[in-house]
Amino acid sequence: MIRARGLSKRFGDRRVLERLDLELEGGDFLVVTGANGSGKTTLLRLCAGLVAPTAGELRVDAPRGRIGLLAHEPLLYRELTPLENLDLYGRLYRVPERRERIGMLLERYGLWDVRNERSGSFSRGMLQRLALCRTLLHDPELLLLDEPFNALDAEGVELLARQLEDLRREHTFVVATHDPDRLAPLASARLTLA
Amino acid sequence: MTYLQDLATLARKDFLLELRARDTVPAMLLFVVATLVVFHFALPESSSNLAAYGLLWVALVFTALLGLVRAFSSERDQGLLDALVLAPCDRSAIWLAKALAMLGFLAVAELVALPAFSIFFSGVDGATIAGVALADIGICAVGTLLAAMAAASRTRELLLPLLFLPLAVPIVVGGVGASVVDDGGRYLVLLAVYDVIFAIICWASFEYVVTE
């Protein structure tokens with residue numbers, strides 16, 4: 001699914017990733033750890049095709065529309081409601097039975113009752129839940145998750161852990177986290193960036 | 001067909017954002033009316049209509065610039081361009097939808113500006129209206145692409161005018177020409193040619209602007 005050879009990324013003079021080799025098969029679950037600034041987010045952005053490598057080779061065998069990215073930012077329009085945000089992405093990703101799927105995700109993540117409120121009024125935890133709905137909406141083959149448990153309350157953490165377990169069998173994951181122990185039961189590989 | 005559906009989805013989103021936030025069109029309206037009021041008092045009574053037409057075009061270009069500076073503000077502030085770029089739609093649809101939204105906002109501002117110009121200075125003829133319509137297309141096509149480029153920069157408020165104004169010179173030449181010359185047809189042709197050339201360039205190059 002992902003194959004990197006000598007992958008390097010620099011921003012100006014700053015070296016973020018240096019000659020990284022990586023091989024991930026479909027169904028793998030890679031947990032990426034490392035200190036702040038070690039390149040975890042950059043690796044996810046490289047895999048998503050949002051930035052180009054400075055050197056080396058990176059091949060991702062998932063088309064653009066089959067990648068789900070959960071970034072630091074929720075990537076949601078604060079002026080729009082959860083329904084409007086998910087409807088926008090559902091249309092762009094051509095999600096079949098869009099309304100049913102949106103309704104199911106909002107129910108699952110406890111956002112159904114606030115579906116018509118502006119996302120800008122949400123707490124960070126609620127935005128993270130909505131961002132998870134956005135990421136999972138089009139049932140991506142490859143999930144790139146940057147600190148997925150960030151800002152979630154205990155119930156949200158439990159919910160997401162169960163969801164990851166369910167998705168684990170049929171999806172490929174690259175998850176950047178500062179808390180690898182939580183994902184240890186799911187992980188098939190671990191990468192520590194220096 | 002899919003392209004048109006994506007375009008409609010993205011343009012609808014941009015109009016909806018403006019309806020909710022109301023931070024672009026009201027600012028453009030206030031600016032263009034205030035500018036025309038200032039010009040009304042700044043121009044001596046004995047000055048000709050030619051000078052007034054020149055000032056109308058200055059007001060329109062800077063009003064458009066005001067809107068363009070905010071064109072990608074939601075995407076920039078919340079990192080949303082990444083999400084749009086990741087979607088499996090043709091990336092040029094993002095540019096075209098945003099340009100159409102800007103065209104709508106500018107048209108609303110002009111619906112107020114042109115009657116206000118008629119009140120303060122003199123009536124506008126068909127050639128001027130045609131010139132404004134053609135100029136709007138060029139302004140929004142070029143301006144939206146440049147706004148996307150500038151959005152990635154910390155100095156975007158400075159960068160966008162520096163990039164946009166030189167490229168808007170042919171639009172001002174064409175617009176003023178169409179307004180003040182008796183036979184302004186050739187200036188309208190100039191504006192139409194500018195629109196076609198720059199719309200194609202912007203449509204084809206947007207993908208490279210939003211990806212590294």
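(A) Summary view of the overall build of chain B. The secondary structure content of chain B amounts to nine helices and zero strands. For a compact globule of 212 residues, the expected C-alpha radius of gyration is about 17 Å, and chain B comes in at 17 Å, within 12% of that figure. Relative to its 212 residues, chain B shows a buried fraction of 42%. In chain B, 80% of the contacts between residues at least 6 apart in sequence involve partners at least 24 apart.

(B) Representation of the sheet that holds strand E4 (residues 55-60) of chain A within the structure. Residues and elements named next belong to chain A. Overall, antiparallel pairing links the three strands, which are arranged E2-E1-E4 in an open sheet. Only two strands of the sheet have a single partner each, and these edge strands are strand E2 (14-24) and E4. Averaged over all adjacent pairs, the angle separating strand axes in this sheet is 25 degrees, with direction ignored. Examined bridge by bridge, strand E1 (residues 2-11) and E4 share five bridges and lie antiparallel to one another. When the sheet's bridge partners are listed, Arg-3 is paired in E4 with Arg-59. In this fold helix H1 (residues 40-48) packs onto E1, E2 and E4, with an angle of close to 120 degrees to the strand it touches most, E1.

(C) Broad picture of the nonpolar core. The biggest cluster of nonpolar side chains holds 118 residues, and the ones touching the most others in it are A:Cys47, A:Cys133, A:Leu144, B:Met102 and B:Ala147. By residue number, the principal contributor to this core is helix H6 (residues 92-120) of chain B, which donates 15 residues. Leaving out residues up to four positions away in the same chain, B:Met102 has contacts with B:Gly67, B:Leu68, B:Ala71, B:Cys140, B:Gly143 and B:Thr144.

(D) Region of the structure containing the confidence of the model for chain B. All names here are of chain B. Averaged over all residues, the pLDDT of chain B equals 93, while 100% of them reach at least 70. Looking across chain B, the model is least confident in helix H4 (residues 73-77), with a mean pLDDT of 87, and most confident in H6, with 96. ipTM for the predicted complex: 0.88, alongside a pTM of 0.91.

The rules behind the values
- Residues numbered from 1 in each chain as written.
- Chains lettered and ligands numbered in written order.
- Predicted model: local features only at pLDDT ≥ 70, side-chain atom pairs only at ≥ 80, totals over all residues.
- Helix = DSSP H or I, 4+ residues; strand = E, 2+ residues; numbered from the N terminus.
- Rg over C-alpha atoms; globule rule 2.2 N^0.38 Å.
- Buried ≥ 20, exposed ≤ 12 C-beta atoms within 10 Å, placed from the backbone.
- Contact = placed C-beta atoms within 7 Å.
- Pairing = 2+ DSSP bridges.
- Axes fitted to C-alpha atoms, helices over the stretch in contact; angles between N-to-C directions.
- Core = buried A, V, L, I, M, F, W, Y, C linked by C-beta atoms within 7 Å.
- pLDDT = per-residue confidence, 0-100.

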